[in-house]
Amino acid sequence: MEENPQISLKEDILCDGFGSIAGYDALKSYIQAGKSIPQAIFTGTDSLAIGVLKAMHEFHKPIQNIISINGDSSGAWAHPQLTSVDINARLMEWKQSP
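Keep in mind that what you see is a predicted model, and the values were worked out from it rather than measured.

Definitions and cut-offs
- Residues numbered from 1 in each chain as written.
- Predicted model: local features only at pLDDT ≥ 70, side-chain atom pairs only at ≥ 80, totals over all residues.
- Heavy atoms only, no water.
- Helix = DSSP H or I, 4+ residues; strand = E, 2+ residues; numbered from the N terminus.
- Buried < 20%, exposed > 50% of the residue type's maximum accessible area, 1.4 Å probe, protein only.
- Contact = heavy atoms within 4.5 Å.
- Right-handed = clockwise from strand over helix to strand, strands pointing away.
- Polar contact = N/O pair within 3.5 Å; in protein donor to acceptor, adjacent residues only side chain to side chain.
- Expected span 1.5 Å × (residues − 1).
- Core = buried A, V, L, I, M, F, W, Y, C linked by side-chain atoms within 4.5 Å.

### Digging into the overall build of the protein
Phase 1 of the analysis: Along its length, the protein carries 2 helices and 3 strands.
Phase 2 of the analysis: Mapped from its N terminus to its C terminus, the protein presents α and β elements in the order α-β-α-β-β.
Phase 3 of the analysis: When burial is assessed residue by residue, the protein has 26% of its 98 residues classed as buried.
Phase 4 of the analysis: Long-range contacts, defined here as pairs at least 24 residues apart, represent 54% of the contacts in the protein between residues at least 6 apart.

### Brief notes about the pairing of strand β1 (residues 40-43)
Phase 1 of the analysis: Residues of β1 alternate between two faces, with I41 and T43 buried on one and A40 and F42 left unburied on the opposite face.
Phase 2 of the analysis: Chirality of the crossover, the property in question, places the unit of β1, helix α2 (residues 46-58) and strand β2 (residues 65-69) among those that are right-handed.

### Examining the side chain of S68
Phase 1 of the analysis: Tracing the backbone through its elements, the reader meets S68 in strand β2.
Phase 2 of the analysis: A residue is classified by how much of its surface remains accessible, and S68, at 0% relative accessible area, is buried.
Phase 3 of the analysis: At a separation of 2.3 Å, a polar atom in the side chain of S68 contacts the side chain of D46.
Phase 4 of the analysis: There is a polar contact of 3.3 Å between the side chain of S68 and the side chain of S84.
Phase 5 of the analysis: Filtering out sequence-adjacent residues up to four positions away, S68 remains in contact with T43, T45, D46, A49, L82, T83, S84 and V85.

### Here's the deal with unusual backbone geometry
Phase 1 of the analysis: The phi torsion at H60 lies on the positive side, around 55°, for a residue other than glycine.
Phase 2 of the analysis: Counting through the fold element by element, H60 comes out in the loop between α2 and β2.
Phase 3 of the analysis: By relative accessible area, H60 is classed as exposed at 72%.

### Re α2
Phase 1 of the analysis: Helix length check: α2 (13 residues) gives 18 Å between terminal C-alpha atoms against 18 Å at 1.5 Å per residue, within 8%.
Phase 2 of the analysis: For α2, every residue scored as buried is listed here: D46, L48, A49, G51, V52, L53, A55 and M56.

### A short note on the nonpolar core
Phase 1 of the analysis: With 14 residues, the main nonpolar core has L27, I37, V52, M56, I66 and L82 as its most contacted residues.
Phase 2 of the analysis: Elements that contribute at least two residues to this core include exactly α1 (20-32) and α2.
Phase 3 of the analysis: Ranked by residues supplied to this core, first place goes to α2 with 5 residues.
Phase 4 of the analysis: If sequence neighbours within four positions are ignored, L27 has contacts with I13, I37, I41, V52, A55 and M56.

### What about the side chain of D46?
Phase 1 of the analysis: Within the secondary structure, D46 sits in helix α2.
Phase 2 of the analysis: Residue D46 is classed as buried on the basis of its relative accessible area of 0%.
Phase 3 of the analysis: Discounting chain neighbours no more than four positions away, the residues touching D46 are S68, I69, N70, G71, D72, S74, G75, L82 and S84.

Note that every value here comes from positions in space, so none of it alone points to a role or purpose.
Right, dumping it as structure tokens:
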């Protein structure tokens, strides 16, 4: 986001876990609270993203951009297919915000 200041974080959709049920429950609660679906949703795992997709289908919300981190093969089976990035966490550098 530092390199692309035109992109801003709207808000977090917090979830309790890393699996598909956690992603589904989090987005379901978000939708039921009357909040609008953002242009893009970033998830920490492909499983979370699959849960998000299920909630969007169930509530008849248009699929926006869902990007996940993992590169798991399950993302290829989702509909629509997930955009998933495989990141080697051991090579990541932690930068704390000021």
